[in-house]
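Single-letter residue listing:
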Amino acid sequence: MTVVEPVPFSTVLRTASAAEHEAAESSPFMGHLLKGRLGVDAYAELSGQLWFVYQALEGRAAELAEHPVIGRFIDPALFRTAALEADLLHLRGEGWRDGLVALPATAAYAARLEELVETWPAGYLAHHYTRYLGDLSGGQIIRGIAEKTWGFEKKGAGVHFYVFDQIDNPAAFKRDYRAKLDAAGLALDEVEQRRVVEETKRAFQLNGAIFTDLDLRYPLSA
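A few points on the structure. (Residues numbered from 1 in each chain as written. Predicted model: local features only at pLDDT ≥ 70, side-chain atom pairs only at ≥ 80, totals over all residues. Heavy atoms only, no water.)

Scanning the protein from terminus to terminus reveals 10 helices and zero strands. Scaling as 2.2 N^0.38, a compact globule of 222 residues should have a C-alpha radius of gyration of about 17 Å, and the protein matches this with 18 Å. Projected onto the principal axes, the alpha-carbon positions of the protein cover approximately 65 × 35 × 35 Å. Within the protein, the proportion of its 222 residues that are buried is 49%. Across the protein, every contact between residues at least 6 apart in sequence was considered, and the portion connecting residues at least 24 apart equals 81%. Entry remark: accessible area of the protein is about 11000 Å², with carbon and sulfur atoms responsible for 54%. (Helix = DSSP H or I, 4+ residues; strand = E, 2+ residues; numbered from the N terminus. Rg over C-alpha atoms; globule rule 2.2 N^0.38 Å. Buried < 20%, exposed > 50% of the residue type's maximum accessible area, 1.4 Å probe, protein only. Contact = heavy atoms within 4.5 Å. Areas by Shrake-Rupley, 256 points an atom, 1.4 Å probe, with all protein chains shown as cover.)

Under the criterion given, the structure shown has 10 aromatic pairs. Note on Tyr43 and Trp150: the rings are 5.1 Å apart at their centroids and 35 degrees apart in plane angle, and the pair reads as tilted. On the criterion of sequence distance, the pair formed by Tyr43 in helix α4 (residues 40-58) and Trp150 in helix α8 (residues 138-150) is long-range, its members being 107 residues apart. The interplanar angle of 85 degrees and the centroid separation of 5.1 Å between the aromatic rings of Trp51 and Trp96 together place this pair among those described as edge-to-face. On the criterion of sequence distance, the pair formed by Trp51 in helix α4 and Trp96 in the loop between α5 (81-92) and α6 (104-119) is long-range, its members being 45 residues apart. Exposure remark for Trp51: the relative accessible area of 6% places this residue in the buried category. Here the aromatic residues Tyr54, Tyr132, Phe161 and Tyr162 are joined through ring pairs into a cluster of three or more. It is Arg80 that lies over the ring of Phe164; its NZ or CZ is 3.9 Å from the centre. Across the ring face of Phe73, the terminal group of Lys180 is positioned such that the distance to the ring centre comes to 5.5 Å. (Phe/Tyr/Trp six-rings, centres within 6.5 Å; stacked < 30°, edge-to-face > 60°. Lys NZ or Arg CZ within 6 Å of the ring centre and 35° of its normal.)

This is a description of form; function is not addressed.
So this is what it looks like as C-alpha coordinates:
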(Lines give C-alpha, C1' and ligand atoms only; values in the text may rest on other atoms or scores of the structure.)
Protein backbone atom coordinates (compact mmCIF):
# COMPACT_ATOMS: atom_id res chain seq x y z
CA MET A 1 0.00 0.00 0.00
CA THR A 2 1.33 3.42 -0.94
CA VAL A 3 1.76 5.75 1.99
CA VAL A 4 1.06 9.38 1.14
CA GLU A 5 3.35 11.69 3.04
CA PRO A 6 1.64 14.76 4.51
CA VAL A 7 2.40 18.05 2.82
CA PRO A 8 4.91 20.03 4.92
CA PHE A 9 3.22 22.82 6.82
CA SER A 10 5.58 25.41 5.35
CA THR A 11 4.43 24.36 1.89
CA VAL A 12 0.79 24.49 2.94
CA LEU A 13 1.22 28.06 4.20
CA ARG A 14 3.07 29.19 1.07
CA THR A 15 0.68 27.69 -1.44
CA ALA A 16 -2.54 28.54 0.41
CA SER A 17 -1.58 32.20 0.73
CA ALA A 18 -0.05 32.58 -2.73
CA ALA A 19 -2.89 34.70 -4.10
CA GLU A 20 -2.85 37.09 -1.14
CA HIS A 21 0.94 37.29 -1.32
CA GLU A 22 0.83 38.14 -5.01
CA ALA A 23 -1.87 40.76 -4.47
CA ALA A 24 0.22 42.53 -1.83
CA GLU A 25 3.40 42.42 -3.91
CA SER A 26 1.63 43.71 -7.02
CA SER A 27 0.03 46.69 -5.31
CA PRO A 28 0.47 49.97 -7.21
CA PHE A 29 2.59 51.49 -4.45
CA MET A 30 5.05 48.60 -4.40
CA GLY A 31 5.09 48.46 -8.18
CA HIS A 32 6.02 52.14 -8.42
CA LEU A 33 8.58 51.80 -5.62
CA LEU A 34 10.26 48.79 -7.19
CA LYS A 35 10.48 50.58 -10.55
CA GLY A 36 12.14 53.59 -8.97
CA ARG A 37 9.24 55.88 -9.77
CA LEU A 38 8.71 57.30 -6.27
CA GLY A 39 10.69 59.83 -4.31
CA VAL A 40 12.71 59.00 -1.24
CA ASP A 41 9.95 60.49 0.95
CA ALA A 42 7.69 57.59 -0.01
CA TYR A 43 10.41 55.12 0.93
CA ALA A 44 10.92 56.93 4.24
CA GLU A 45 7.19 56.77 4.95
CA LEU A 46 7.17 53.03 4.25
CA SER A 47 10.00 52.65 6.77
CA GLY A 48 8.02 54.68 9.29
CA GLN A 49 4.91 52.55 8.88
CA LEU A 50 6.98 49.39 9.23
CA TRP A 51 8.37 50.78 12.48
CA PHE A 52 4.88 50.67 13.99
CA VAL A 53 4.41 47.12 12.72
CA TYR A 54 7.69 45.85 14.13
CA GLN A 55 7.18 47.55 17.45
CA ALA A 56 4.02 45.49 17.77
CA LEU A 57 5.62 42.34 16.39
CA GLU A 58 8.72 42.51 18.60
CA GLY A 59 7.70 44.59 21.59
CA ARG A 60 6.28 41.64 23.50
CA ALA A 61 8.03 38.79 21.72
CA ALA A 62 9.88 37.88 24.92
CA GLU A 63 6.53 36.89 26.41
CA LEU A 64 6.33 34.09 23.84
CA ALA A 65 9.87 32.79 24.30
CA GLU A 66 8.72 29.92 26.51
CA HIS A 67 5.70 28.99 24.42
CA PRO A 68 5.93 25.28 23.42
CA VAL A 69 5.25 25.97 19.74
CA ILE A 70 6.14 29.62 19.15
CA GLY A 71 9.13 29.93 21.46
CA ARG A 72 11.57 28.37 19.00
CA PHE A 73 10.85 31.16 16.50
CA ILE A 74 11.69 34.05 18.83
CA ASP A 75 15.17 34.97 17.66
CA PRO A 76 16.78 38.37 18.34
CA ALA A 77 18.84 37.92 15.16
CA LEU A 78 15.64 38.69 13.28
CA PHE A 79 14.56 41.77 15.19
CA ARG A 80 14.19 44.84 12.97
CA THR A 81 13.04 47.68 15.24
CA ALA A 82 16.52 49.05 15.98
CA ALA A 83 17.49 48.82 12.30
CA LEU A 84 14.37 50.72 11.31
CA GLU A 85 15.14 53.42 13.85
CA ALA A 86 18.66 53.79 12.41
CA ASP A 87 17.19 54.10 8.92
CA LEU A 88 14.61 56.65 10.03
CA LEU A 89 17.31 58.72 11.71
CA HIS A 90 19.14 58.80 8.39
CA LEU A 91 16.01 59.43 6.33
CA ARG A 92 14.16 61.91 8.51
CA GLY A 93 16.79 63.31 10.86
CA GLU A 94 16.96 63.63 14.65
CA GLY A 95 13.28 64.45 14.94
CA TRP A 96 12.20 61.42 12.93
CA ARG A 97 9.40 60.60 15.37
CA ASP A 98 7.84 64.06 14.95
CA GLY A 99 4.89 63.85 12.63
CA LEU A 100 5.22 60.09 12.22
CA VAL A 101 1.68 58.74 12.53
CA ALA A 102 0.41 55.25 11.88
CA LEU A 103 -1.84 55.12 8.85
CA PRO A 104 -5.25 53.49 9.46
CA ALA A 105 -4.13 50.20 7.90
CA THR A 106 -0.92 50.25 9.93
CA ALA A 107 -2.81 50.85 13.16
CA ALA A 108 -5.14 47.95 12.34
CA TYR A 109 -2.18 45.67 11.63
CA ALA A 110 -0.41 46.61 14.88
CA ALA A 111 -3.62 46.09 16.85
CA ARG A 112 -4.03 42.63 15.36
CA LEU A 113 -0.49 41.69 16.36
CA GLU A 114 -1.04 42.90 19.92
CA GLU A 115 -4.26 40.90 20.08
CA LEU A 116 -2.56 37.72 18.91
CA VAL A 117 0.26 37.95 21.44
CA GLU A 118 -2.35 38.01 24.18
CA THR A 119 -4.97 35.62 22.85
CA TRP A 120 -3.57 33.30 20.19
CA PRO A 121 0.20 32.80 19.83
CA ALA A 122 -0.21 30.33 16.97
CA GLY A 123 -1.81 33.13 14.99
CA TYR A 124 1.14 35.38 15.80
CA LEU A 125 3.33 32.81 14.05
CA ALA A 126 1.53 33.50 10.77
CA HIS A 127 2.68 37.12 10.90
CA HIS A 128 6.17 36.21 12.10
CA TYR A 129 6.50 33.98 9.05
CA THR A 130 5.14 36.43 6.49
CA ARG A 131 7.17 39.39 7.72
CA TYR A 132 10.61 37.92 8.45
CA LEU A 133 10.85 35.46 5.58
CA GLY A 134 9.64 38.24 3.32
CA ASP A 135 12.36 40.55 4.64
CA LEU A 136 14.99 37.89 4.06
CA SER A 137 13.72 37.19 0.54
CA GLY A 138 11.90 39.87 -1.42
CA GLY A 139 13.15 42.51 0.98
CA GLN A 140 16.59 42.10 -0.52
CA ILE A 141 15.22 43.22 -3.89
CA ILE A 142 13.84 46.36 -2.26
CA ARG A 143 17.24 47.01 -0.67
CA GLY A 144 19.03 46.79 -3.99
CA ILE A 145 16.56 49.11 -5.68
CA ALA A 146 16.74 51.61 -2.80
CA GLU A 147 20.53 51.66 -3.02
CA LYS A 148 20.40 52.24 -6.76
CA THR A 149 17.50 54.71 -6.84
CA TRP A 150 18.40 56.96 -3.93
CA GLY A 151 22.14 56.40 -3.70
CA PHE A 152 22.27 54.72 -0.31
CA GLU A 153 25.55 53.07 0.62
CA LYS A 154 25.43 49.32 -0.02
CA LYS A 155 23.97 47.70 3.10
CA GLY A 156 24.42 51.03 4.86
CA ALA A 157 22.40 53.92 6.26
CA GLY A 158 18.90 53.94 4.86
CA VAL A 159 18.68 50.19 4.21
CA HIS A 160 19.70 48.74 7.58
CA PHE A 161 16.23 47.23 7.85
CA TYR A 162 17.02 44.80 5.06
CA VAL A 163 20.47 43.83 6.38
CA PHE A 164 20.56 40.89 8.81
CA ASP A 165 24.03 41.25 10.27
CA GLN A 166 23.55 38.38 12.72
CA ILE A 167 22.54 35.85 10.08
CA ASP A 168 25.61 34.55 8.27
CA ASN A 169 23.81 32.35 5.75
CA PRO A 170 20.28 33.59 4.93
CA ALA A 171 19.53 30.63 2.64
CA ALA A 172 20.38 28.12 5.38
CA PHE A 173 18.48 30.19 7.93
CA LYS A 174 15.36 30.13 5.77
CA ARG A 175 15.66 26.36 5.32
CA ASP A 176 15.91 25.91 9.08
CA TYR A 177 12.97 28.27 9.60
CA ARG A 178 10.80 26.25 7.23
CA ALA A 179 11.82 23.06 9.03
CA LYS A 180 10.66 24.65 12.29
CA LEU A 181 7.38 25.59 10.60
CA ASP A 182 6.92 21.98 9.53
CA ALA A 183 7.53 20.83 13.11
CA ALA A 184 5.11 23.45 14.42
CA GLY A 185 2.48 22.18 12.01
CA LEU A 186 2.82 18.69 13.45
CA ALA A 187 2.17 20.13 16.91
CA LEU A 188 -1.13 21.67 15.78
CA ASP A 189 -4.34 19.78 15.15
CA GLU A 190 -6.11 20.06 11.81
CA VAL A 191 -8.48 22.80 12.92
CA GLU A 192 -5.65 24.90 14.32
CA GLN A 193 -3.62 24.42 11.15
CA ARG A 194 -6.50 25.76 9.08
CA ARG A 195 -6.81 28.74 11.39
CA VAL A 196 -3.11 29.53 10.98
CA VAL A 197 -3.46 29.24 7.21
CA GLU A 198 -6.30 31.76 7.27
CA GLU A 199 -4.28 34.08 9.50
CA THR A 200 -1.38 33.88 7.05
CA LYS A 201 -3.72 35.05 4.31
CA ARG A 202 -4.87 37.84 6.60
CA ALA A 203 -1.27 38.85 7.26
CA PHE A 204 -0.67 39.44 3.57
CA GLN A 205 -3.96 41.33 3.31
CA LEU A 206 -2.96 43.58 6.21
CA ASN A 207 0.37 44.28 4.55
CA GLY A 208 -1.41 45.02 1.30
CA ALA A 209 -3.74 47.44 3.05
CA ILE A 210 -0.73 49.47 4.22
CA PHE A 211 0.49 49.67 0.62
CA THR A 212 -2.96 50.86 -0.44
CA ASP A 213 -2.88 53.63 2.16
CA LEU A 214 0.61 54.60 1.03
CA ASP A 215 -0.47 54.66 -2.60
CA LEU A 216 -3.12 57.25 -1.73
CA ARG A 217 -0.49 59.40 -0.03
CA TYR A 218 2.22 59.07 -2.64
CA PRO A 219 1.05 59.26 -6.21
CA LEU A 220 3.74 59.00 -8.85
CA SER A 221 6.44 61.67 -8.74
CA ALA A 222 6.45 64.08 -11.62
